[in-house]
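Listed below are the residues making up each chain.
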Amino acid sequence: MSKYCVQRLNNIEGYTPGEQPKETNVIKLNTNENPFPPPIEISQALKEITLEQLRKYPDPVALELRKKIAHVYNIPDERWILVGNGMDEILSILIRTFVDYHETIFATYPTYSLYEVLANLHGCKFQYHDLDDHFNITPPFTWNSSKLLLITHPNAPSGVPTPPEIMKEICSNQEQIIFIDEAYVDFCDFSYISWVKEYPNVIIGRTFSKSFSLAGVRLGFAVGNPELISDMFKVKDSYNVNVLTQQIGIKALENHDHITNHIETIKATRRFLQEELQKLGFIVPNSQTNFLLAIWNGKPSAEEIYLKLKEKNIFVRYFPMRRLENALRITIGTKEQCSILLENLLKIIS
Ligand SMILES: Cc1ncc(COP(=O)(O)O)c(C=O)c1O
């Protein structure tokens, strides 16, 4: 750390994203990207972008895109929507808008580790509510002292959804901002997006990185009561979503139906991979996402398996974190990719 850097950053580790190997002959099941391409119409949208559009700044409020999102997701109007440079930026705006220095954020554990990093960077206090052994949220819910509660539905990295009766209990009894991170919800049977109309303190986060196969585009959005969204507007950078991303987002939403087939294929491959991993002796919670958490209590260790797979150019995610030391998070790839993974796993563990 340089002598100029603020003291607060002294003991803070930045977020470590999953590896993005340069080689192309790898099986990449480590960052929950979608193995299928985005709708073909996106290429057309890219071709239609003019140099004149690039010369000028983008629409700072991304009006057309926000209107389209409101329409597709049955939200009253664009005042309920904020778009960002991926959901990661939405999370950063969220924390800077609703939590002051030294105030507390609560999240369930284990969860998306970026939450804690962002809280630390912002100088907030951060506390975890541990999920039970099956990765379910269980009472008592003692979060009243917090300003913001982060719930990932379905959860990452377990893939386990939060059932409506639990979510209802939380939303009906908590007064702070409740952010429900629905990054993976298109692979799940139920979403809480419509709850923003009922609960004025609930904000939903969504991303185009997973079901839409557009991780490289960086587009996410928040849906919530217009009063909250207008607070968040104050904090965002003026031109936080570029011209290309706005145009691609609109085109993706116009072709929303095209992602459905890929989602169904991923769900079928998820069932196949879960069953095969269980046959190999992994414990695999039922996931409603595009990944599985494969828990391994045998030898070699999960970390060794991860490293051995990497030697074979197969990338999965290993988190050296409490409760995840014995686990690998595996993105659902194509059936062929998953079969190659399974063949290699069998060799490694037998
Ligand atoms: C739970 C969760 N929330 C948010 C994100 C961020 O999504 P984005 O790619 O839109 O920044 C991720 C990315 O993997 C995630 O796993």
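Residues numbered from 1 in each chain as written. Predicted model: local features only at pLDDT ≥ 70, side-chain atom pairs only at ≥ 80, totals over all residues. Heavy atoms only, no water.

A.B. asks: Kindly report on the state of the cysteines, identifying the contributing residues and their values.
C.D. replies: A full pass over the atoms with the stated rule returns 0 disulfides. C5 forms no disulfide, and the closest cysteine sulfur to it belongs to C124, at a distance of 17 Å. The thiol of C188 is not disulfide-bonded; the next cysteine sulfur, from C171, is found 15 Å away. On the basis of relative accessible area, C188 is assigned to the buried category, the value being 9%. (Disulfide = S-S within 2.5 Å. Buried < 20%, exposed > 50% of the residue type's maximum accessible area, 1.4 Å probe, protein only.)

A.B. asks: Report on the pattern of salt bridges, specifying residues and quantitative values.
C.D. replies: Two side chains of opposite charge can pair, provided their charged atoms sit close to one another. Summed over all chains, the structure comprises 14 salt bridges. Note that E19 is salt-bridged to K310, the shortest N-O span being 2.7 Å. Of the two residues, E19 is situated in the segment before β1 (27-28) and K310 in helix α10 (residues 302-311); the sequence distance between them amounts to 291 residues. The class of E19 is partly exposed, set by a relative accessible area of 29%. (Salt bridge = Lys/Arg side-chain N within 4 Å of Asp/Glu carboxyl O. Helix = DSSP H or I, 4+ residues; strand = E, 2+ residues; numbered from the N terminus.)

A.B. asks: So what's going on with the environment of Y112? Residues and values would help.
C.D. replies: Tracing the backbone through its elements, the reader meets Y112 in the loop between β3 (104-109) and α5 (114-122). Residues Y112 and P157 lie 45 residues apart in sequence; the distance between their C-alpha atoms is 7.1 Å. Look past the residues within four positions of Y112 in its chain and what remains in contact with it is Y15, D88, L91, A156 and D181. (Contact = heavy atoms within 4.5 Å.)

Taken by themselves, the reported measurements are silent on function.
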